[in-house]
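The primary structure of each chain is shown beneath.
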Amino acid sequence: MRLIVTNDDGYLSPGLYMLYEAVKGLGETFIISTQFPRSATGREITFSRPLRLFRTRYMGCNVYVTDGTPIDALHLAMEVLGIAPDLVLSGVNVGENLSLQHIFYSGTIAVAIESALMGVPAVAFSVDVVEFSEFNSELLRGVTRVVVKSLIEFVKVRGFPRGVDVLSVNIPRPPRFKGCVEVVKAARVRWKASYREGRDPRGRRYYWLYGIPARAEEDTDVAAFESRGCITITPLSIDLNLGTRSISELEAALGGVLSGIKTELKGLLRRELPAKP
């Protein structure tokens, strides 16, 4: 089994090497990351400039590093380095990635989604720590190692269930962890955006974003994590298309609108395009 281990917190993050240590021995493993932290970059990819890629050693490991985004790192690994992975692992992220809201923002999960788009299953791991130093907790390292190894060994033998492209795993830090594990859907929203107004030293107005926590449904990752102190495993599908029935229903509902659009477009084309000789 060939594995790519990557993240969005940069190659200096201890979480990257915690993940590597957890899977060491389960297959041929390659580490690639970004030069600087790129948290909350979502699915950003670099088109406007060339990218740099170099190999270095850090924490006793060989690691490839790019000055691009997490998505860039994955493509460089596969297209430039020629690594053809069976599974991509992203993390361990500094901070949880609960709810669809965070899933869409997260660089950690964005890498996993990009991998799935290219036909390679992926698992993203996140822990609700704030600082790198919190990864030094032996209990946290032990819990993470058990979860990571168990899931990877399962995937290695059985693969992903039908319809599942990505697994998003969130692990509470030790003071909050109650020893439970739940497979749950993602809540829709984690927080509501609000802004605090202030003025900089030159007197210019600024707005600083902070979040007001949203109330989550009981059967979601947020409730399982926050209220019950559980590790959450959330299966995700990258197919955002609606089912055939929904498409047909929308087409029927828009019948009159579509007819009107077609009529107006025909008239526009007749006026703007020269008649064929």
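Residues numbered from 1 in each chain as written. Predicted model: local features only at pLDDT ≥ 70, side-chain atom pairs only at ≥ 80, totals over all residues. Heavy atoms only, no water.

A. Layout of the side chain of Thr34. Within the secondary structure, Thr34 is located in strand β2 (residues 28-34). The buried category is assigned to Thr34, whose relative accessible area is 0%. Of note is the side chain of Thr34, whose polar atom sits 2.8 Å from the backbone oxygen of Phe36. If near-sequence neighbours (up to four positions away) are discounted, Thr34 is found in contact with Asp8, Gly10, Tyr11, Val65, Thr66, Gly68, Thr69 and Pro70. (Helix = DSSP H or I, 4+ residues; strand = E, 2+ residues; numbered from the N terminus. Buried < 20%, exposed > 50% of the residue type's maximum accessible area, 1.4 Å probe, protein only. Polar contact = N/O pair within 3.5 Å; in protein donor to acceptor, adjacent residues only side chain to side chain. Contact = heavy atoms within 4.5 Å.)

B. Examining the pattern of salt bridges more closely. Scanning the model with the defined rule gives 15 salt bridges in all. Between Arg2 and Glu28 there is a salt bridge, and its shortest N-O distance comes to 3.1 Å. With Arg2 in strand β1 (residues 2-6) and Glu28 in strand β2, this residue pair connects regions lying 26 residues apart in the sequence. In this structure, Glu96 and Arg190 form a salt bridge, with 3.0 Å as the shortest nitrogen-oxygen distance. In this pair, Glu96 is assigned in the loop between β5 (87-94) and α3 (99-105) and Arg190 in the loop between β8 (181-183) and β9 (191-199), connecting sequence segments 94 residues apart. Given a relative accessible area of 12%, Arg190 falls into the buried group. Bridged by salt links that share partners, the residues Glu96, Asp128, Arg173, Arg176, Arg190 and Glu226 form one connected network. (Salt bridge = Lys/Arg side-chain N within 4 Å of Asp/Glu carboxyl O.)

C. Just the environment of Cys180, in detail. Turning to its location among the elements, Cys180 is positioned in the loop between β7 (166-171) and β8. Look at Cys180 and you get partly exposed, because its relative accessible area is 23%. With 166 residues separating them along the chain, Cys180 and Pro14 place their C-alpha atoms 25 Å apart. Those residues in contact with Cys180 that lie beyond four places of it in its chain are Arg228, Gly229, Cys230 and Ile231.

D. Molecular detail of the state of the cysteines. A complete count under the given rule lists one disulfide for this structure. Bridging Cys180 to Cys230, the disulfide has an S-S length of 2.0 Å. Disulfide Cys180-Cys230: the torsion about the S-S bond is -100°, which places it as left-handed. Remark: Cys230 occurs in the loop between α6 (221-226) and β11 (231-236) and Cys180 occurs in the loop between β7 and β8; sequence separation between them is 50 residues. (Disulfide = S-S within 2.5 Å.)

E. Quick look at a positive patch on the surface. A surface patch of positive charge is lined by Lys262, Lys266, Arg270 and Arg271. Tracing the backbone through its elements, the reader meets Lys266 in helix α8 (residues 255-272). Residue Lys266 is classed as exposed on the basis of its relative accessible area, which comes to 56%. (Patch = residues over 30% accessible without salt bridge, like charges linked within 9 Å, V, L, I, M, F, W, Y side chains within 5 Å. Areas by Shrake-Rupley, 256 points an atom, 1.4 Å probe, with all protein chains shown as cover. Lys, Arg positive; Asp, Glu negative; His and termini not counted. Charge placed at Lys NZ, Arg CZ, Asp CG, Glu CD.)

F. A look at a nonpolar patch on the surface. A surface patch of nonpolar side chains, about 560 Å² in accessible area, is lined by Leu250, Leu254, Val257, Leu258, Ile261, Leu265 and Leu268. With five residues, α8 is the single largest residue contributor to the nonpolar patch. Residue position: Leu268 is located in helix α8. Its relative accessible area of 38% is what places Leu268 among the partly exposed residues.

G. Up close: the sheet that holds β1. Taken together, the nine strands give an open sheet; going across it, the order is β3-β4-β2-β1-β5-β6-β7-β11-β8, and neighbouring strands pair in mixed fashion. Looking at which strands have only one partner, the edges of the open sheet turn out to be β3 (53-58) and β8. Each adjacent strand pair in this sheet contributes to an overall mean axis angle of 25°, direction not counted. The strands that helix α1 (residues 14-23) touches are β1, β2, β3, β4 (61-66), β5 and β6 (122-127); relative to β5, the one it contacts most, it runs at about 135°. (Pairing = 2+ DSSP bridges. Axes fitted to C-alpha atoms, helices over the stretch in contact; angles between N-to-C directions.)

H. Representation of unusual backbone geometry within the structure. Each neighbour pair has its own omega, and for Gly91 with Val92 the value is -10°, a cis peptide bond. Tracing the backbone through its elements, the reader meets Val92 in strand β5. Although it is not a glycine, Ser99 adopts a positive phi angle of roughly 85°. For Ser99, the position within the fold is in helix α3.

I. Looking closely at the packing of aromatic side chains. If you walk through the whole model with that rule in mind, you get four aromatic pairs. Consider the rings of Tyr11 and Tyr58, whose centres lie 5.8 Å apart with planes at 70°: the pair is edge-to-face. Note that Tyr11 is positioned in the loop between β1 and α1 and Tyr58 in strand β3, a separation of 47 residues in sequence. Take Tyr11: its relative accessible area is 17%, and that puts it in the buried class. (Phe/Tyr/Trp six-rings, centres within 6.5 Å; stacked < 30°, edge-to-face > 60°.)

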